[in-house]
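Chains, contacts and geometry: an overview
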Amino acid sequence: MTSRVALVTGGTGGIGTEICKTLANNDYRVVASWLSGVDDGEAWQAKLKEEGYDFAIAEGDVSDFESAAAMVKKAETKVGPIDILVNCAGITKDSFMHKMKHDQWDAVLRVNLDSVFNVTRQVIMGMRNRGFGRIINISSVNGQKGQIGQANYSAAKAGMHGFTMALAQESAKKGITVNTISPGYIATSMVAEMGEKIVNKMIEQIPVGRLGQPEEIARVVEFLAADESGFITGANIAINGGMHMG
Ligand code: NAP
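Here's a quick rundown of the structure.

**Some words on the packing of helix α1 (residues 14–25) against helix α9 (residues 214–225)**
- Across the interface, α1 lies against α9 with an axial gap of 8 Å and an inter-helix angle of 50°. Here α1 lies oblique to α9, going by the angle between them. Both α1 and α9 take part in a crossing whose hand is right-handed. For the pair formed by α1 and α9, the contact residues are Gly14, Ile15, Glu18, Ile19, Thr22 and Leu23 on the first element and Pro214, Glu215, Ile217, Ala218, Arg219, Val221, Glu222 and Ala225 on the second.
- Class assignment for the residues of the contact of α1 with α9 results in 8 nonpolar, 2 polar and 4 charged.

**Section: the pairing of strand β5 (residues 133–138)**
- The buried count for β5 comes to 6 of 6 residues, which makes it a mostly enclosed element.
- Burial along β5 is two-sided: Gly133, Ile135 and Asn137 facing one way and Arg134, Ile136 and Ile138 facing the other are all buried.
- With helix α4 (residues 102–130) bridging strand β4 (residues 84–87) and the parallel β5, this β-α-β connection has right-handed handedness.
- In terms of strand pairing, β5 meets strand β6 (residues 176–183) through 6 bridges, oriented parallel.

**Some thoughts on helix α6 (residues 151–171)**
- With 21 residues, α6 ought to run about 30 Å at 1.5 Å a step, and its terminal C-alpha atoms sit 30 Å apart, in line with that.
- Those residues of α6 that sit buried are Asn152, Tyr153, Ser154, Ala156, Lys157, Met160, His161, Thr164, Leu167, Ala168 and Ser171.

**Some words on the sheet that holds β5**
- Read from one edge of the open sheet, 7 strands run β3-β2-β1-β4-β5-β6-β7, paired in parallel fashion. In this open sheet, the two edge strands, each paired with only one partner strand, are β3 (56–59) and β7 (236–239). Across the sheet, the mean angle separating the axes of adjacent strands is 20° when strand polarity is ignored.
- Here 3 bridges tie strand β1 (residues 5–8) to β4, and the two strands are oriented parallel to one another. From the neighbouring strand, Leu7 faces β4, where its bridge partner is Leu85.
- Against the sheet, helix α2 (residues 41–50) contacts β2 (29–34) and β3, and its axis sits at roughly 170° relative to β3.

**A few points about the packing of aromatic side chains**
- In total, this model carries 3 aromatic pairs according to the counting rule given.
- Ring plane angle 20° and centroid distance 5.3 Å describe the contact between Trp44 and Phe55, whose orientation is recorded as stacked. Here Phe55 lies in the loop between α2 and β3 and Trp44 lies in helix α2, a separation of 11 residues in the sequence.
- Judged by centre distance (5.8 Å) and plane angle (25°), the ring pair of Phe65 and Phe117 falls under stacked. Linking Phe65 in helix α3 (residues 65–79) with Phe117 in helix α4, this pair joins segments that are 52 residues apart in sequence.
- Phe65 gets classed as partly exposed once you look at its relative accessible area, which sits at 32%.
- Counting every residue linked through ring pairs, the aromatic cluster contains Trp44, Tyr53 and Phe55.
- The cationic tip of Arg4 hangs over the ring face of Phe132; the distance from NZ or CZ to the ring centre is 3.5 Å.

**Structural notes on the pattern of salt bridges**
- Evaluated as defined, the whole model comprises 7 salt bridges.
- We note a salt bridge from Asp54 to Lys49, for which the minimum N-O separation is 3.5 Å. Like Asp54, the residue Lys49 is exposed in the burial classification.
- A single salt-bridge network, built from bridges that share partners, covers Glu18, Lys21, Lys47 and Glu51.

Cut-off values and rules
- Residues numbered from 1 in each chain as written.
- Predicted model: local features only at pLDDT ≥ 70, side-chain atom pairs only at ≥ 80, totals over all residues.
- Heavy atoms only, no water.
- Axes fitted to C-alpha atoms, helices over the stretch in contact; angles between N-to-C directions.
- Helix = DSSP H or I, 4+ residues; strand = E, 2+ residues; numbered from the N terminus.
- Parallel < 35°, antiparallel > 145°, perpendicular 65-115°, else oblique.
- Left-handed = near helix turned anticlockwise from the far one by under 90°.
- Contact = heavy atoms within 4.5 Å.
- Nonpolar A, V, L, I, M, F, W, Y, C, P; charged D, E, K, R; others polar.
- Buried < 20%, exposed > 50% of the residue type's maximum accessible area, 1.4 Å probe, protein only.
- Right-handed = clockwise from strand over helix to strand, strands pointing away.
- Pairing = 2+ DSSP bridges.
- Expected span 1.5 Å × (residues − 1).
- Phe/Tyr/Trp six-rings, centres within 6.5 Å; stacked < 30°, edge-to-face > 60°.
- Lys NZ or Arg CZ within 6 Å of the ring centre and 35° of its normal.
- Salt bridge = Lys/Arg side-chain N within 4 Å of Asp/Glu carboxyl O.

This is the structure:
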């Protein structure tokens, strides 16, 4: 039984929704962040209410420092100080490097990497003062091994783990753990958008022989979030069906 509060950025997305549900199923109070104009957080909240979940939501653009600050303020007003932060918001804008436009690079770096600074910066002092925190950064297998057409995404996701390792060292004596999860290909709209042909080609490269499920990421988030997981910090946990080992 826990009374801890968790903020999940990108909480309305495919993986984020399962993270929210799994944390709520384990008695965390959960607030999901969402981005107005792209998603309908209120519709998401209402739908999940029908499934029996009572999630708070806080709107904001995590790629923008001021917007992220306002989002965290809204979240804390609704549910209280954040004990667990899951940095899950992310986008892709794929292109070969020789064709990549600056705005494709910029958007992907801002949403996937700057966001980690923008949101973590809002909660880290409170965690230090209270002597407890869990920060879980959702990176990608492509941050570990690189991927054709994803110089922007691979750089941003690799950067997330550099952030994890530095902050883990800074925060270790304050009861705060910082870890990365690097999912392989997971069955969400982000992967579906790649098209059936490419997805089937990807599956051929996965020894387990299928896409992962969002629940398979969520259960590791819940594991890392637990009070009992205080000795795991600075780790990068791969969940990729054997696609990349190392
Ligand atoms: P998704 O369904 O597209 O969810 C992404 C979430 O991020 C959405 O809630 C989205 O909100 C939010 N978001 C995007 N830009 C934002 C911004 N500027 N401010 C605030 N929120 C923003 O994708 P997913 O598959 O669940 O991916 C979740 C995370 O896992 C991402 O970081 C992704 O890179 C990572 N990942 C996914 C896979 C995979 O195979 N699916 C594999 C490895 C890593 P809107 O809907 O409002 O845009």
